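# Coordinate inspection notes
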Amino acid sequence: MPPGSTRPTSRDVAQAAGVSQAAVSLVLGDKWRGRVSEPVAERVRQAARELGYRPNLAARNLRLGHTRTVLLVVPALTTEFFAGVYTGAARIAADHGFGVVLYPSPEGVGPARDPFHSAQAALDGVIASSMAADALTAIHGDQLPLVMLDSDPEGSPGAATVNLDITDGVRQVAEHLLGLGHRHFLHLAADIPSWTFRIRAQELAARVGTVPGTTLRTTHAPIDIEGALTAAETALASPGPRPTALVCDDDKLAAGAYKAARRLGLRIPDDLSVTGLDDLALATAIDPELTTVRLDAELFGQRGMQALLAVLEGRTPQQGDIPVELVVRGSTAPPRQ
């Protein structure tokens, strides 16, 4: 078991037996015949005995095979992005006779209360965003077949991970701005300690750092317009050379940056180019329209559900990140000479 763990999980059994979590579910659910060999089944049973593994209520109900219900754990629905993820997941689920229960973590990120402690509901599996990963502890989601969205594939607790190609999106943003001639950058970063925002910062620094004479400053803000306004205004008004390009982790951060620029008398894009990431509806509602990276939220949800179905059936999920696209609009231009 992992250090500090008080109760072994199906993942611990899978690691001890050298098999997948799907194989553990088949064996312990007595559905392995014809799908898993007898020696493998015995290895799983032996590992479960040695670890003292006992399925929780949800896992016991999973063996009954009657619920065909999946839990989708996301941050609070403060943007339409996760609504799109739900729509995509629910569409694939419906095609396979599954239902999807949406559970937004009450605080957006961090621990969440167990929504099933009284209903004792059974689940077939869980799809969870890394931004709401802490909620998994409360709902025992790590003891069920689990697919992680927007999560480090090397350190994910899930049986599979599904990612958008965020690294390529940031690369496209950096190359676009560098190609316009920008050399002084400000990164308005989301104040959330998750993998997806960490790799955005890493990729931006790496790309900007390849060009001589560039500078990159970073300031953090919560993902809301007023928080972004305060952070961006403070950063843009600070001493030293003013950045000519402002790279935002999210379109809502960019909207706050627009307000900060106007308070400081800066014109977009004449004095300051601004980019976002998501391509939310507000990207074309603000003026000038926002240059941003388009993420296909519905396809993201579809791929997450397809991956979970593959895990449940003992198949290998589809590999490869989902492509993203830079959409160039009026908020970016060459810097003033």
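The residue numbering used here restarts from 1 in each chain and proceeds along that chain's sequence as written. Local features in this predicted model are restricted to residues whose pLDDT is 70 or higher, and side-chain atom pairs enter the listing and the counts only when it is 80 or higher, whereas totals over whole chains, interfaces and linings include all residues. Side-chain measures were taken over the full set of non-hydrogen atoms in the model, leaving aside hydrogen atoms and water.

### Looking at the overall build of the protein chain
To keep things clear, this is the line we draw: Numbered from the N terminus, helices here are DSSP runs of H or I no shorter than four residues, and strands are runs of E no shorter than two. Residue exposure (1.4 Å probe, protein chains only): buried if accessible area is under 20% of the type maximum, exposed if over 50%, otherwise partly exposed. Whether two residues are in contact is decided by their heavy atoms, any of which lying within 4.5 Å being enough. Per-residue and other accessible areas follow the Shrake-Rupley method at a 1.4 Å probe size, with only the shown protein chains counted as cover for residues.
From N to C terminus, the protein chain includes 11 helices and 11 strands. A total of 337 residues make up the protein chain; the buried ones form 53% of that total. Counted over contacts in the protein chain with a minimum sequence separation of 6, partners at least 24 positions apart contribute 73%. Carbon and sulfur atoms provide 51% of the accessible area of the protein chain, an area that totals close to 14900 Å².

### Re helix 8 (residues 195-208)
Which entries qualify depends on this criterion: In this analysis, the expected span of each helix is defined as 1.5 Å times one less than the number of residues it contains.
The first and last C-alpha atoms of helix 8 sit 20 Å apart over 14 residues, in line with the 20 Å expected at 1.5 Å per residue. Among the residues making up helix 8, those that are buried are W195, T196, F197, I199, R200, E203, L204 and V208. Of the surrounding elements, those touching the buried residues of helix 8 are helix 7 (166-180), strand 6 (184-190), strand 7 (215-221) and strand 8 (245-248).

### Structural notes on the sheet that holds strand 7
Quick reminder of the rule: Two strands form a pair only when DSSP identifies at least two bridges running between them. Angles here are taken between N-to-C directions and fall from 0 to 180 degrees, while the axes themselves are lines fitted to C-alpha atoms, restricted in helices to the stretch in contact.
Pairing is parallel in the open sheet, where 4 strands are placed in the order 7-6-8-9. One side of each edge strand has no neighbouring strand; the edge strands of this open sheet are strand 7 and strand 9 (273-275). Looking at each pair of strands side by side, their axes are set apart by 20° on average, direction ignored. As paired strands, strand 6 and strand 8 are joined by 4 bridges and run parallel to one another. Among the inter-strand pairings, H187 is bridged to a residue of strand 8, identified as V247.

### Focus: the pairing of strand 8
Here is the rule we go by: We call a crossover right-handed when, viewed with both strands directed away from the observer, the connection leading from the first strand over the helix to the second proceeds clockwise.
Where burial is concerned, the two faces of strand 8 agree: the one with A245 and V247 and the one with L246 and C248 are both buried. Inspection of the sheet shows strand 8 paired to strand 9 by 3 bridges, in the parallel sense. Residue L246 lies in a different strand from strand 9, and its bridge partner there is V274. On the question of chirality, the crossover connecting strand 8 to the parallel strand 9 by way of helix 10 (residues 251-263) is right-handed.

### A few points about the nonpolar core
To keep it simple, the criterion reads: We call a set of buried Ala, Val, Leu, Ile, Met, Phe, Trp, Tyr and Cys residues a nonpolar core when their side-chain atoms join them within 4.5 Å.
F81, L188, V274 and M305 are the most contacted members of the largest nonpolar core, which has 74 residues in total. Ranked by residues supplied to this core, first place goes to helix 11 (residues 297-312) with 7 residues. Dropping the residues within four chain positions of it, V274 is found in contact with L246, C248, A254, Y258, I268, L290, T291, S331 and T332. In this structure, V19, V36, V40 and A41 belong to the second largest nonpolar core, which totals 16 residues.

### Regarding the sheet that holds strand 2 (residues 99-104)
Ordered in space as 2-1-3-4-5, the 5 strands form an open sheet in which the pairing is parallel. The sheet terminates laterally at strand 2 and strand 5 (160-162), the two strands that pair on one side only. In this sheet, neighbouring strand axes are inclined to one another by 20° on average, regardless of whether the strands run parallel or antiparallel. With 4 bridges connecting them, strand 1 (residues 69-74) and strand 3 (residues 125-129) associate as parallel partners. Looking across to strand 3, one finds that V73 is bridged to A128. Across the face of the sheet, helix 5 (residues 80-95) comes into contact with strand 1, strand 2, strand 3 and strand 4 (146-149) while running at roughly 160° to strand 2. Across the sheet, helix 11 touches strand 1, strand 2, strand 3, strand 4 and strand 5, and the angle it forms with strand 4 is around 155°.

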